[in-house]
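Below, each chain spelled out in residue letters.
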Amino acid sequence: MTEAPAGQRDAVVIDGLHVVRRGRDVLPGLSCTVPEGAVTGLLGPSGSGKSTLMRAVVGVQRVAGGRVEVLGEPAGSPSLRDRVGYMTQSPSVYGGITVADNLRFFSRVLGCSADEVDRVLSLVDLDRYAGTPVDHLSGGERSRVSLAIALLGSPRLLVLDEPTVGLDPVLRVRLWDLFARLAEDGTALLVSSHVMDEAQRCDGLLLLRDGALLATDTPAGLLSRTGTTDVEAAFLALVAEAQR
Ligand SMILES: Nc1ncnc2c1ncn2[C@@H]1O[C@H](COP(=O)(O)OP(=O)(O)OP(=O)(O)O)[C@@H](O)[C@H]1O
Ligand SMILES: [Mg+2]
């Protein structure tokens, strides 16, 4: 049998995912897929469960039930370590050392070549800060160091939790361009945001509310289905529809 081209295979398959946090069903039973070769936007208001879902995909979330499969393996399998890049919502980088030393450290952990450090720094536009201690960076710059770490070794799946928060519009556009290029090369990207207008840059959308999916669609499909002109209005229309 011939393999389906990139873009048609699913990098992530989630079936009936149930997560309980502090005694509350944060994700009561969620099912969805994330295809390769595409940018999938995970959108939803604060507290809707975006970070929890991403944590389950990278295998750091205690799960009460359901199945999360990543690149054909159970989420969190050791063999996935260098095939999945994860950018947490709060940058997880070492403050006291330089940007380049952070990247060198993580590239050694992942076993990638030293050239990777320069490559990812340039992708996130931080070349000039290579020698700067992370503590001296702004919040947005620090989060880009975190993004650079996620890009090390060109993982097949990138799970990026609010990667564009705190960035100016120019940089934001550049990062979305980067995500699109990575998707063209076959990478699967799952990118969360609570900024609904970023949805337009995604190939597919997962609209989350209170731990449940309100919709899974393309941006255009969502707008035409709800008769709206922007994703924020579409979201509100779907909420109203669900309450009827
Ligand atoms: N460390 C934690 N311990 C217990 N409950 C948590 C923890 N972190 C989040 N929660 C709860 O899980 C629910 C979903 O949180 P989550 O962080 O997944 O939302 P989110 O959609 O990522 O929100 P945001 O847009 O603010 O980042 C919230 O009700 C939150 O209170
Ligand atoms: Mg979050």
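Below: a short report on this structure. Computed from a prediction, not measured in an experiment: that's the story for all the values here. (Residues numbered from 1 in each chain as written. Chains lettered and ligands numbered in written order. Predicted model: local features only at pLDDT ≥ 70, side-chain atom pairs only at ≥ 80, totals over all residues. Heavy atoms only, no water.)

**Considerations on the packing of aromatic side chains**
Logical step 1: Applying the stated criterion across every chain, the model contains four aromatic pairs.
Logical step 2: Ring centres of Y94 and F106 lie 6.1 Å apart, and the angle between their planes is 20°; on these two criteria the pair is classed as stacked. Here Y94 is found in the loop between β6 (84-87) and α2 (99-110), whereas its partner F106 is found in helix α2, with 12 residues between them in sequence.
Logical step 3: Aromatic ring contacts, followed pair by pair, group Y94, F105 and F106 into a single cluster. (Phe/Tyr/Trp six-rings, centres within 6.5 Å; stacked < 30°, edge-to-face > 60°. Helix = DSSP H or I, 4+ residues; strand = E, 2+ residues; numbered from the N terminus.)

**Thoughts on a nonpolar patch on the surface**
Logical step 1: Residues Y94, I97, F105 and V109 make up a contiguous nonpolar surface patch of about 330 Å² in total accessible area.
Logical step 2: With respect to the helices and strands, I97 occurs in the loop between β6 and α2. (Patch = residues over 30% accessible without salt bridge, like charges linked within 9 Å, V, L, I, M, F, W, Y side chains within 5 Å. Areas by Shrake-Rupley, 256 points an atom, 1.4 Å probe, with all protein chains shown as cover. Salt bridge = Lys/Arg side-chain N within 4 Å of Asp/Glu carboxyl O.)

**A few points about the pattern of salt bridges**
Logical step 1: Applying the stated rule across the entire model yields 10 salt bridges.
Logical step 2: R67 is the salt-bridge partner of E69, the closest N and O atoms lying 3.0 Å from each other.
Logical step 3: With relative accessibility at 27%, the residue E69 sits in the partly exposed group.
Logical step 4: The class of R67 is partly exposed, set by a relative accessible area of 38%.
Logical step 5: Because the salt bridges share partners, they merge into one network encompassing R9, E36 and R156. (Buried < 20%, exposed > 50% of the residue type's maximum accessible area, 1.4 Å probe, protein only.)

**Structural notes on the site of ligand 1**
Logical step 1: In the vicinity of ligand 1 there are 15 residues, among which R24, S46, G47, K50 and T52 approach most closely.
Logical step 2: In this structure, T52 approaches ligand 1 through a side-chain N or O atom, which is 2.5 Å from an oxygen atom.
Logical step 3: At the level of elements, β2 (24-35) and α1 (50-58) are the ones that each hand at least two residues to the shell around ligand 1.
Logical step 4: By residue number, the principal contributor to the shell around ligand 1 is α1, which donates three residues.
Logical step 5: Here the shell around ligand 1 is composed, by residue class, of two nonpolar, eight polar and five charged. (Near = heavy atom within 4 Å. Polar contact = N/O pair within 3.5 Å; in protein donor to acceptor, adjacent residues only side chain to side chain. Nonpolar A, V, L, I, M, F, W, Y, C, P; charged D, E, K, R; others polar.)

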